[in-house]
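Coordinate analysis (summary)
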Amino acid sequence: MAATEQLEAVHWDLADLVDGGGPESVDSLIDRALEQSRSFAERHRGALETMDGAALEAAMREVAEIYDLVGRADSYASLDFSTDTADPARGALVARVQERLTELSTTLLFFELEWAALDDARVEGLLAHEGLDFCRHHLRTARRYRSHLLSEPEERVMTEKSVSGAGAWTRLFAELAGAIEVSVDEETLTLDVALARLMAPSREVRRDTAAAVTAALQPGLRTRAFVFNTLLVDKSTDDRLRSYPHWLAARNLANEASDESVAALIAAVKGRYELARRWYRLKAKLLGIERLADYDRMAPLETDEVEFDWAQAREMVLDAYGAFSPDLAGVAQRFFEQPWIDAPPSKGKRGGAFCAYTVPSVHPYVLLNFTNRRNDVLTLAHELGHGVHAALAADQGVFHQSTPLTLAETASVFGEALTFARLLDASPTPAARLSLLAEDIEGSIATVFRQVAMNQFEQLVHTERREQGELSIERFGELWFQTQTELLGDSVDVTDNYRCWWSYVPHFINTPGYVYAYAYGQLLAMSVYERYLQEGAGFEQRYLELLSAGGSMSPEDLGEIVGVDLRDPAFWDRGLDLLERRQEAAEAAAAEL
Ligand SMILES: [Zn+2]
C-alpha cells in the first residue's frame, strides 16, 4: 500500500464502547444508568450513617457500574463528534448526553455529600475494610475539602452570590479582553491573531505588531486592572473564610499537589533561570541580531525537516518504546493492531491530538491529525504514552485509573523523550539536529520557565493585595516587569512597552494559581525520565509498576514507587539537567553549522 493510503486507512472503531452498536445504543446505556442510579438513591439515601465496610463496598461497586455505563455513553458521543464536528446529529447527541448526565449527577449527589459529612473516625473505620482497595484513595481524596467547607446555609449563600460576584467579574474581563482590537498596517486584528504574528519571520513585522498590541492594551487598562483587583480581594476573602493558609493552598489541594512539592518545583526552576537565558543568547546569534527584544522570542528559526510517513512514524515510536521496555512496546503495539487510533486529518475533524481513557472495561482511543511532519512523530509518541498509561492502569478500575492532574503527563512526556532521543540520533546534519532541539527547548521554556515566572507574578500580586491593599496599574506593570526580567536577565531586551502585557492573560482571572501546573507535569515527567537514564535497566519494572498504579495513591506515594521524592528540589533539578544537556547539544550543533 502507498504511504498515503496506509494513513488514510487508520480510523478508529467506536463500537467497542457500545457493545457493537452505534449512536442509538448511547441512549439505552444512559437509560440503564439512570434507572440504576434512581434505585441506588432509593436504597441508600441516609444509609451511610449505619453502613458497615462490606455494605459500603457493595454500594461503591454499584456506583462503579453506573460510571461504566455513563463513561461508555459519554465517550462514544464525544469521540464520534470529534471526528466530524460539522455533523448536526453528532452535536445533538453530545448535548443530549450532557443534559442527561446532569440529571444523573444530581441523583447521586446525596451520596457524596453524606460521605463528606461523616466524621473522620467513622470514615477511617469504614476504609479499613479490605474489599475497598478499588476505591479507598478516591473516597479519601473526595473528602479533602472537608475542613475548608462552611455550614450548609453559608455555602448556599456563597454559591448563589458568586454568580453576581466573582462569576460576573470574570465574565466582564473575558468580554473586555475579547473585544480588544489591534490595528496594524491599516488592518484590524483580534488579539489572538496579532499575537500569532509575533512568529513572523520579519523582525519589522514583529516589532510593529508588538507596538500595536501595546497600544491596543491601553484602552480599558484601568477597568481590567480594577476587575483583577476585585477578583484578588474576592479570593482573599474566600481563602480567609475557608481557612486556607496562603493564596496558593486551595489550588494545590485541587491539584493534589503538596505545598512542599510545589515550593520545591518553583525553587528548582528559579535556580536554573540561566538555562532560558542561554537559549535566548544562542537564538539571537542564529537570527543574526545582537540581542533579542521581547517581541523576538517567538521568531521562527530555519527548519531542516525530514518527513516521516505513517509506517515510519509507527516503527520509530515502537522501536523507541521497545528499546526501553519490550513490555511497554507490546502495550503500545496493540493500538496499531486494533482500530483504536484515528490518524489522518479530515474536514470537520477536531484539531490537535488527544488520548481518551474512556472506561477501564473497554480501552483507550487516540485521535491525531497526522501530516508526516517530524513533530507528528513526537505527538504520536506522546499520545501513545497516555494510551499505555490508561491501558496499564485499567485494572485499577473506574475510581483509580486516572492519575491526579499533576501526574497526568508522566507517561506521555516520557514516551516523547524516548522518541526524541531516537529522532536526534537519526538527524543526519547539524542543521537538522539544531532545528529539532530548538523546537524542544522552546517548548520547555514555554511550559516550564514561562509558567513559573507567571506564577511568581501571581504570587506577588496576591500577596501584595492581601498585605497592602489595591494595586495601581503602575504597580501591576512593575511586578510583571520585575518577574519577567528576573527570568530573562540581560538575554532579552524587555522594553517598557511590555509592562501592560499581563492585562490580557485569561488564566490569572479564570483560574488563579493554575499556571504552575503546566511546569509541574512536564518537569516531573522529565525528572522521572532522567532518573531512568541514570539508573538504566533496573528502572523498567518500577516504571511499569508506577503506570499500573494509575491514581490509586497520592502523587508523593506514586513517586516513591520509582524512588523519587517530589518534596526535594534535587528531584526537580534532574529534569532541568536534561534540559541543560539539550541546550549544550544545541550549542554544539550551532557551532558546526
Ligand atoms: Zn498530554
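One structure accompanies this document, and this report is about it. (Residues numbered from 1 in each chain as written. Predicted model: local features only at pLDDT ≥ 70, side-chain atom pairs only at ≥ 80, totals over all residues. Heavy atoms only, no water.)

1. So, the overall build of the chain
Put simply, the rule is: The secondary structure listing takes helices from DSSP runs of H or I that are at least 4 residues long and strands from runs of E that are at least 2 residues long, numbered from the N terminus. This radius of gyration counts C-alpha atoms alone. The globule rule is 2.2 Å times how many residues there are, raised to the power 0.38. Here the term buried applies to any residue with accessible area under 20% of the maximum for its type, exposed to any over 50%, and partly exposed to those in between, with areas from a 1.4 Å probe on protein chains only. Whether two residues are in contact is decided by their heavy atoms: any pair within 4.5 Å suffices. We get accessible surface area from the Shrake-Rupley algorithm with a probe of 1.4 Å; when it comes to residues, only the shown protein chains can shield them. Charge counting follows a simple rule: Lys and Arg are positive, Asp and Glu are negative, and His as well as the terminal groups are ignored. One atom stands in for each charge, and that atom is NZ of Lys, CZ of Arg, CG of Asp or CD of Glu.
Secondary structure summary: the chain contains 25 helices and 7 strands in total. Taken over the C-alpha trace, the chain has a radius of gyration of 25 Å; the compact-globule value for 593 residues is 25 Å, and the two agree within 12%. Counting only C-alpha atoms and orienting by the principal axes, one finds that the chain spans roughly 75 × 65 × 50 Å. Taken over 593 residues, the chain has a buried fraction of 52%. The contacts of the chain with a sequence gap of at least 6 include a subset with a gap of at least 24, amounting to 77%. Total accessible area on the chain stands at roughly 25900 Å², and carbon and sulfur atoms take up 51% of it. For the chain, the centre of its 57 positive side-chain charges and the centre of its 95 negative side-chain charges are spaced 4 Å apart.

2. Focus on unusual backbone geometry
Phi is positive for E256, which is not a glycine, with a value near 50°. Mapped onto the secondary structure, E256 falls in the loop between α12 (249-254) and α13 (259-270).

3. Here we look at the nonpolar core
Let me state the cut-off plainly: Nonpolar cores were defined as sets of buried Ala, Val, Leu, Ile, Met, Phe, Trp, Tyr and Cys residues, with membership established by side-chain atoms within 4.5 Å.
One finds W310, F449, W501, Y543 and W572 to be the most contacted residues of the largest nonpolar core, which totals 142 residues. A per-element tally of this core places helix α19 (residues 430-468) first, with 13 residues. Ignoring sequence-local partners within four residues, the contact set of W310 consists of Q6, L7, V10, F336, I341, A343, L368, F370, N372 and L380. Among the nonpolar cores identified, the runner-up in size contains 49 residues, and A59, L69, L118 and C135 belong to it.

4. Let's talk about the pattern of salt bridges
Definition in use: Salt bridge, as used here: a side-chain nitrogen of Lys or Arg that lies within 4 Å of a carboxyl oxygen of Asp or Glu.
Applying the stated criterion to the full structure yields 47 salt bridges. Across the pair E62 and R43 runs a salt bridge whose closest N-O atoms are separated by 2.7 Å. With a gap of 19 residues between them, E62 in helix α3 (residues 53-83) and R43 in helix α2 (residues 24-44) connect regions that are remote in the sequence. For R43, a relative accessible area of 45% translates into the label partly exposed. For the salt bridge of E464 with R475, the shortest nitrogen-to-oxygen distance reads 2.6 Å. Here E464 is found in helix α19, whereas its partner R475 is found in helix α20 (residues 473-488), with 11 residues between them in sequence. Within the structure, one salt-bridge network assembled from shared partners comprises R272, R278, D573, D577, E580 and E587.

5. Some points on the coordination of the zinc ion
As a reminder, the rule being used: Think of the donor list as every N, O and S atom within 2.8 Å of the metal, or within 3.2 Å for Na, K and Ca; water never makes the list, so a site can look incomplete. Only four donors with every angle between 85 and 135 degrees are called tetrahedral; only four or six donors with opposite donors over 155 degrees apart and all others between 65 and 115 are called square planar or octahedral, in that order; all others are irregular.
Looking at the zinc ion, one finds its protein donor set to be H382 (NE2), H386 (NE2), E409 (OE) and E409 (OE), positioned 2.1 to 2.7 Å from the metal centre. Taken together, the 4 donor atoms surrounding the zinc ion define angles of 51 to 139° at the centre, an arrangement classified as irregular. Along the chain, the residues donating to the zinc ion fall in the pattern H-x3-H-x22-E. Taken together, the positions of H386 in helix α17 (residues 374-392) and E409 in the loop between α17 and α18 (410-426) put the pair 23 residues apart, joining distant regions of the chain. Judged by relative accessible area, H386 falls into the buried class, the value being 11%.

6. A word on the packing of aromatic side chains
When we look at a pair of aromatic rings, we describe it by the centre distance and by the angle of the planes. What counts, and what does not: Centres within 6.5 Å are what make two rings of Phe, Tyr or Trp a pair, Trp counting through its six-membered ring; a difference in plane orientation under 30 degrees is then read as stacked, over 60 as edge-to-face, and the rest as tilted. Sitting over a ring, as applied to charges here, requires NZ of Lys or CZ of Arg to be within 6 Å of the ring centre and within 35 degrees of the ring normal.
In this structure the tally under the stated criterion is 35 aromatic pairs. One aromatic cluster is present, formed by F228, F457, F476, W480, Y498, W501, W502, Y504 and F508 through successive ring pairs. The positively charged end of R45 is found above the aromatic ring belonging to F110, 4.6 Å away from the centroid. We note R61 situated over the ring of F134; from NZ or CZ to the ring centre the distance is 4.0 Å.

7. Some thoughts on the side chain of E155
Note that E155 resides in helix α7 (residues 152-164). On the accessibility criterion, E155 (18% relative accessible area) is buried.

8. Concerning the sheet that holds strand β5 (residues 354-356)
Hydrogen bonding along the main chain pairs the strands of a sheet, whether they run parallel or antiparallel. Just so we agree on the cut-off: In this scheme, strands are said to pair when DSSP sees at least two bridges between them.
The 3 strands are arranged β4-β6-β5 in an open sheet whose pairing can be described as mixed. Each end of this open sheet is capped by a strand with a single partner; those strands are β4 (341-342) and β5. Two strands pair when backbone bridges link them, and β5 and strand β6 (residues 365-367) are joined in this way by 3 bridges, in the antiparallel orientation. Residue pairing for β6: A356 is matched across the bridge by Y365.

9. Remarks on helix α22 (residues 516-535)
To keep it simple, the criterion reads: A helix is expected to span 1.5 Å for every residue after the first.
Taking 1.5 Å of rise per residue, the 20 residues of α22 would be expected to cover 28 Å, and the 28 Å separating its terminal C-alpha atoms lies within 8% of that figure. Where burial is concerned, most of α22 is hidden: 15 out of the 20 residues are buried. Downstream of α22 by one or two residues, G536 has phi in the positive range, about 70°.

10. Some remarks on the pairing of strand β2 (residues 187-190)
Bridge count between strand β1 (residues 181-184) and β2: 4 bridges; the pairing is antiparallel. Residue S183 lies in a different strand from β2, and its bridge partner there is T188. Counted between consecutive antiparallel strands, the loop separating β1 from β2 contains 2 residues, among which D185 sits at a positive phi close to 45°.

11. Some details on the environment of V331
Position of V331 among the secondary structure elements: in helix α16 (residues 326-337). Along the chain, V331 and A276 lie 55 residues apart, while their C-alpha atoms are 36 Å from each other. Other than its neighbours up to four places away in sequence, V331 contacts V388, A391 and L392.

12. Looking at the environment of E155
Sequence separation of E155 and H137 is 18 residues, and the distance between their C-alpha atoms is 26 Å. Not counting residues up to four positions away in its chain, the partners in contact with E155 are L149, L150 and R242.

13. Observations concerning helix α23 (residues 539-548)
Basically, it comes down to this: Taking the helix axis as origin, the arc is that swept by the directions to the C-beta atoms.
Within α23, burial applies to F539, E540, Y543, L544, L546 and L547. Viewed along the axis of α23, the buried residues span an arc of 155°, placing them on a single side of the element. Within two residues after α23, G550 carries a phi angle of roughly 50°, on the positive side.

14. Regarding a negative patch on the surface
So the rule is basically this: Exposure above 30% relative accessible area and the absence of a salt bridge qualify a residue for a patch, where like charges join within 9 Å and nonpolar side chains (Val, Leu, Ile, Met, Phe, Trp, Tyr) within 5 Å.
A cluster of acidic side chains, namely E302, D304, E305 and E307, defines a negative patch on the protein surface. Its place among the elements puts D304 in the loop between β3 (292-293) and α15 (310-324). A relative accessible area of 31% places D304 in the partly exposed class.

Any link to function would need more than the numbers given here.
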